[in-house]
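Descriptive analysis of the structure
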Amino acid sequence: YATLSHCWGTVRPMTTTMSTLSDRMQSIPLNLLPKTFQDTVLLTRKFRLKYLWIDSLCIIQDSKDDWEVESAKMGQIYRGSAITIAATSATDSRDRCFVEKQNWIESVPFETLDVDGLPATVYVQSVSQASHDISHNRLFEDEPLSRRGWVLQERLLSTRVLLYTASELVFECQTDLASIWSMTLLRDSSPSFLSILFNLALQYATNNRLLDRPKIFQYWRHIITIYTQRCLTFDRDILPALSGLASLIQPLVLDAYLAGLWREDFHRQLLWCKACSHIRLTADDHALLKSLPRTTELCPPTWSWASVRGAVSYDGMWTSEGKLEGLAKVLAVHCDLNSRDP
């Protein structure tokens, strides 16, 4: 099956509710689907896949019980899909996935020699048009989809992703990231999220030694700084939208997950502070954030980064990481869960 990663935006997409469930189970005419969904159906058929998973249609939106059960499976769903189709440049479901041909970034081939003196072809693109910054590992961060909180784990957990950006089609898997138009590799030397976890787990299994949990916890703190720069439509989603990643990490570290923090690394993960976002939010994003009421219902504990809205950072403003040992000891910590999904 394929999965869709998309922006809901300010316009609610086609959904499944208790009143429409029986109709949805019978059929959904293609011409009634919004443009993003139509394009995704066509792609799924091209890939000869039988099924397509779309969150707004496959989760009953007005059923709290169904939402709790299905949202807890999101990580498994994206990890298990054959491919994730990312409508990266679509602001909502009314926009198309496909890149209009007049917006393609042209790649000019340039013949040269590689480091071994062998012939090689380099594809050159206009820097002013490029939507990725390889030197800082910032890929499509100005695209609408990259500003959404739920999408981070969807992209990190998917084994294959097709990104339909405003100017090019990009394929990403666990080893490569390449522009389809020019077939040029875009990923720098940093491995993907799943590759990091897989390699750490493999080393642990084959060498019969303790897993490098401090390295995983350090990577988790990095994920939190990226995640908190993004927008969520509902405050209540702050922890569920990251639970798929936490569920993948928990069996490796065998540690308690407490409102976005890990028990063994608790003293370090308490040292978060408010920060500026590197992702440029649009006027619509700011309007959305201002319009959302800050509810106290189901609010995470105040010691958690999840209790505040906006970007946080672990930049060592309180004390350097190397000086933490021996300064504090966590005696006890406890959380009361409000749902089945911690």
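Analysis parameters
- Residues numbered from 1 in each chain as written.
- Predicted model: local features only at pLDDT ≥ 70, side-chain atom pairs only at ≥ 80, totals over all residues.
- Heavy atoms only, no water.
- Helix = DSSP H or I, 4+ residues; strand = E, 2+ residues; numbered from the N terminus.
- Buried < 20%, exposed > 50% of the residue type's maximum accessible area, 1.4 Å probe, protein only.
- Areas by Shrake-Rupley, 256 points an atom, 1.4 Å probe, with all protein chains shown as cover.
- Lys, Arg positive; Asp, Glu negative; His and termini not counted.
- Salt bridge = Lys/Arg side-chain N within 4 Å of Asp/Glu carboxyl O.
- Contact = heavy atoms within 4.5 Å.
- Axes fitted to C-alpha atoms, helices over the stretch in contact; angles between N-to-C directions.
- Parallel < 35°, antiparallel > 145°, perpendicular 65-115°, else oblique.
- Left-handed = near helix turned anticlockwise from the far one by under 90°.
- Nonpolar A, V, L, I, M, F, W, Y, C, P; charged D, E, K, R; others polar.
- Pairing = 2+ DSSP bridges.
- pLDDT = per-residue confidence, 0-100.

**Here's the deal with the overall build of the chain**
A tally of regular secondary structure across the chain gives 11 helices and 14 strands. Buried positions account for 44% of the 342 residues belonging to the chain. Approximately 19,000 Å² of the chain is accessible, and the part contributed by carbon and sulfur atoms is 56%.

**A look at the side chain of D237**
In this fold, D237 is placed in the loop between α8 (213-227) and α9 (243-253). Buried within the structure, D237 lacks any salt-bridge partner; R236 is the closest side chain of opposite charge, at an N-O distance of 4.2 Å. Setting aside chain neighbours within four positions, we find D237 in contact with W67, W150, Y227 and L232.

**Overview of α9**
Buried within α9 we find S243, G244, L245, A246, L248, I249 and V253. L254 sits one or two residues past α9 and shows a positive phi near 50 degrees.

**Quick notes on the packing of α8 against α9**
Two numbers describe how α8 lies on α9: the axes approach to 11 Å, and their chain directions differ by 165 degrees. In this view, α8 runs roughly antiparallel relative to α9, as classed from their interaxial angle. As for the relative orientation of α8 and α9, their crossing is left-handed in sense. Across the interface between the two elements, R213, I216, F217, W220 and I223 from α8 touch L245, A246, I249, L252 and V253 from α9. Grouping the constituent residues of the contact of α8 with α9 by class yields 9 nonpolar, no polar and 1 charged.

**A word on the sheet that holds strand β10 (residues 177-179)**
Within the open sheet, the 6 strands sit side by side as β2-β1-β3-β8-β9-β10. Their pairing is mixed. Two strands bound the open sheet, and with one partner strand each, they are β2 (52-53) and β10. Relative to strand β3 (residues 83-86), strand β1 (residues 2-5) is paired through 4 bridges, and the arrangement is parallel. Across the sheet, the residue bridging to L4 is I85, located in β3.

**Describing unusual backbone geometry**
Its identity as a non-glycine residue notwithstanding, R48 has a phi of 60 degrees, on the positive side. When you line up the elements, R48 lands in the loop between α2 (35-46) and β2. Classification of R48 by relative accessible area gives exposed; the value is 79%. A positive phi angle, near 50 degrees, is found at A259, a position not held by glycine. Tracing the chain through its elements places A259 in the loop between β11 (257-258) and β12 (261-262). Its relative accessible area of 8% is what places A259 among the buried residues.

**Some thoughts on the confidence of the model for the chain**
Summing up the model confidence of the chain, the mean pLDDT is 80 and the portion of residues at 70 or higher is 73%. Mean pLDDT per element in the chain: strand β6 (residues 132-133) is the minimum at 52, and β2 is the maximum at 97.

**Some words on the pattern of salt bridges**
Throughout the structure, instances matching the rule amount to 8 salt bridges. Note that D39 is salt-bridged to R96, the shortest N-O span being 3.0 Å. Of the two residues, D39 sits in helix α2 while R96 sits in the loop between β3 and β4 (108-113), which places them 57 residues apart along the sequence. Relative accessible area serves as the criterion here: at 39%, R96 is assigned to the partly exposed category. By sharing partners, the salt bridges in this structure join R221, D265 and R268 into a single network.

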